[in-house]
Amino acid sequence: DAGVIQSPRHEVTEMGQEVTLRCKPISGHDYLFWYRQTMMRGLELLIYFNNNVPIDDSGMPEDRFSAKMPNASFSTLKIQPSEPRDSAVYFCASSPTTARYGYTFGSGTRLTVV
Amino acid sequence: QKEVEQNSGPLSVPEGAIASLNCTYSDRGSQSFFWYRQYSGKSPELIMSIYSNGDKEDGRFTAQLNKASQYVSLLIRDSQPSDSATYLCAVNEVVGQKLVFGTGTRLLVSP
């Protein structure tokens, strides 16, 4: 298996622009998670899906952030409009079941908003 | 949200020594505990999981769990420079079945 695939690896955008991050989970994994990592706050869970349905979006910082999972093999995280404080590494992770067995992370997207 | 606490380090040990990394958590109902290793610029990689009190060994790594004290640790024997990385402790949050991560401990192993 190719693992969790994220794109793009790096994104540099100007403040106010829309940013879309993409994720393909491991085939057969029913859970998909979006995390954000910064030096100050570490890894923060933004939202997670079970069988394509959003279960908990309490970590989404503001209405500027939205996430979708239209099918079992694809998810997007969108920021509109982007701000400099959104600069971080965004990770997608997937799991075959609940948190009991841990997650597999993608390689991440490093977002820089200037 | 429940908390997971780790000393940020860096923890410096010489090559061949034992590195001891510690973690405390607040959710008494947690049942699953993990250690992830993250090299600079890379994604977290799962290296150990533990579910019951006591020790679990895998090669040079030993995870230790004490639920009464809400304490998890990771021992790395015969530390190598290639072990230099940030080690993240993760604990499942009972409500919502999601993982909560500590901020990580940076380990430096000097030759």
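The structure under discussion appears in the preceding block.
Quick caveat: nothing in here was measured; it's all calculated off a predicted structure.

## Some remarks on the overall build of chain B
Helices and strands together make up the secondary structure of chain B, namely zero helices and 11 strands. In sequence order, chain B lays out its α and β elements as β-β-β-β-β-β-β-β-β-β-β. Its C-alpha radius of gyration of 13 Å places chain B within 12% of the 13 Å reference for a compact globule of 111 residues. Expressed as lengths along the three principal axes of its C-alpha atoms, the size of chain B is roughly 45 × 30 × 20 Å. Put simply, chain B has 111 residues, and 44% of those count as buried. Across chain B, every contact between residues at least 6 apart in sequence was considered, and the portion connecting residues at least 24 apart equals 54%. Just so you have it, chain B exposes about 5,100 Å², and 48% of that area is on carbon and sulfur atoms.

## A word on the nonpolar core
In this structure, Trp-35, Val-72, Leu-74, Ile-76 and Tyr-87 of chain B are the most contacted members of the largest nonpolar core, which totals 24 residues. If sequence neighbours within four positions are ignored, Leu-74 of chain B has contacts with Ala-19, Ser-20, Leu-21, Trp-35, Ile-47, Met-48, Phe-61, Thr-62, Ala-63 and Tyr-87 of chain B. Val-4, Leu-46, Leu-77 and Ile-79 of chain A belong to the second largest nonpolar core, which has 21 residues in total.

## Some remarks on the pattern of salt bridges
Scanning the entire structure with this criterion turns up 13 salt bridges over all chains. When the shortest N-O distance is used, the salt bridge between Arg-85 of chain A and Glu-83 of chain A registers 2.6 Å. A salt bridge links Glu-93 of chain B to Lys-98 of chain B, with the nearest nitrogen and oxygen atoms 3.8 Å apart. Of the residues examined, Glu-93 of chain B reaches a relative accessible area of 10% and is grouped as buried. In this structure Lys-98 of chain B comes out as buried when scored by relative accessible area, which is 7%. Put simply, Glu-62, Arg-64, Glu-83, Arg-85 and Asp-86 of chain A are held in one network by salt bridges that share partners.

## Quick notes on the packing of aromatic side chains
Applying the stated rule across the entire model yields 14 aromatic pairs over all chains. Aromatic pair Tyr-103 of chain A and Phe-105 of chain A: ring centres 6.5 Å apart, planes at 50°, arrangement tilted. Owing to a relative accessible area of 2%, Tyr-103 of chain A belongs among the buried residues under this scheme. Taken together, the ring pairs connect Tyr-31, Phe-33, Tyr-35, Tyr-48, Phe-91, Tyr-103 and Phe-105 of chain A together with Tyr-36 and Phe-101 of chain B into an aromatic cluster. Sitting over the ring of Phe-61 of chain B, Arg-60 of chain B keeps its end group 5.6 Å from the ring centre.

## Describing the interface of chain A and chain B
Residue-level contacts link 19 residues of chain A with 18 residues of chain B. Across the interface of chain A and chain B, roughly 1,500 Å² is buried in total on both sides, 54% from carbon and sulfur atoms. Our count for the chain A to chain B interface comes out at one salt bridge. In this structure, Asp-56 of chain A engages Lys-98 of chain B in a salt bridge whose closest nitrogen and oxygen atoms are separated by 2.3 Å. There are six residue pairs in polar contact (both at pLDDT 80 or more) connecting chain A and chain B. When residues of the side of chain A that touches chain B are traced back to their parent elements, those giving at least two are strand E4 (31-38) and strand E5 (42-50) of chain A. Among the elements that line the side of chain A that touches chain B, the one with the most residues is E5 of chain A, at four residues.

## Side note on the environment of Pro-10 of chain B
Residues and elements named next belong to chain B. Residue position: Pro-10 is located in the loop between strand E1 (4-5) and strand E2 (11-14). Given the relative accessible area of 48%, Pro-10 is considered partly exposed. Each C-alpha atom of the pair Pro-10 and Asp-78 lies 18 Å from the other, and the pair is 68 residues apart in sequence. Excluding residues that lie within four positions of it along the chain, Pro-10 makes contacts with Arg-106 and Leu-108.

## Looking at the sheet that holds strand E8 (residues 71-76) of chain B
Residue and element names in this part refer to chain B. The sheet built from five strands is open, its strands ordered E1-E3-E8-E7-E6 with antiparallel pairing. Sheet topology places E1 and strand E6 (54-58) at the edges, where each strand pairs with a single neighbour. Inspection of the sheet shows strand E7 (residues 61-66) paired to E8 by six bridges, in the antiparallel sense. Residue Ala-63 lies in a different strand from E8, and its bridge partner there is Leu-74.

## A word on the pairing of strand E11 (residues 105-110) of chain B
Residues and elements named next belong to chain B. Burial of E11 is one-sided: the residues Thr-105, Leu-107 and Val-109 facing one way are buried, the residues Arg-106, Leu-108 and Ser-110 facing the other way are not. Of the pairings in the sheet, the one linking E2 to E11 comprises four bridges and is parallel in character. From the neighbouring strand, Pro-14 faces E11, where its bridge partner is Ser-110. Both strand E9 (residues 85-93) and E11 contribute to a ladder of three bridges, which runs antiparallel. What sits directly across from Thr-86, in E11, is Arg-106.

The rules behind these values
- Residues numbered from 1 in each chain as written.
- Chains lettered and ligands numbered in written order.
- Predicted model: local features only at pLDDT ≥ 70, side-chain atom pairs only at ≥ 80, totals over all residues.
- Heavy atoms only, no water.
- Helix = DSSP H or I, 4+ residues; strand = E, 2+ residues; numbered from the N terminus.
- Rg over C-alpha atoms; globule rule 2.2 N^0.38 Å.
- Buried < 20%, exposed > 50% of the residue type's maximum accessible area, 1.4 Å probe, protein only.
- Contact = heavy atoms within 4.5 Å.
- Areas by Shrake-Rupley, 256 points an atom, 1.4 Å probe, with all protein chains shown as cover.
- Core = buried A, V, L, I, M, F, W, Y, C linked by side-chain atoms within 4.5 Å.
- Salt bridge = Lys/Arg side-chain N within 4 Å of Asp/Glu carboxyl O.
- Phe/Tyr/Trp six-rings, centres within 6.5 Å; stacked < 30°, edge-to-face > 60°.
- Lys NZ or Arg CZ within 6 Å of the ring centre and 35° of its normal.
- Buried area = accessible area lost by both parts, 1.4 Å probe.
- Polar contact = N/O pair within 3.5 Å; in protein donor to acceptor, adjacent residues only side chain to side chain.
- Pairing = 2+ DSSP bridges.

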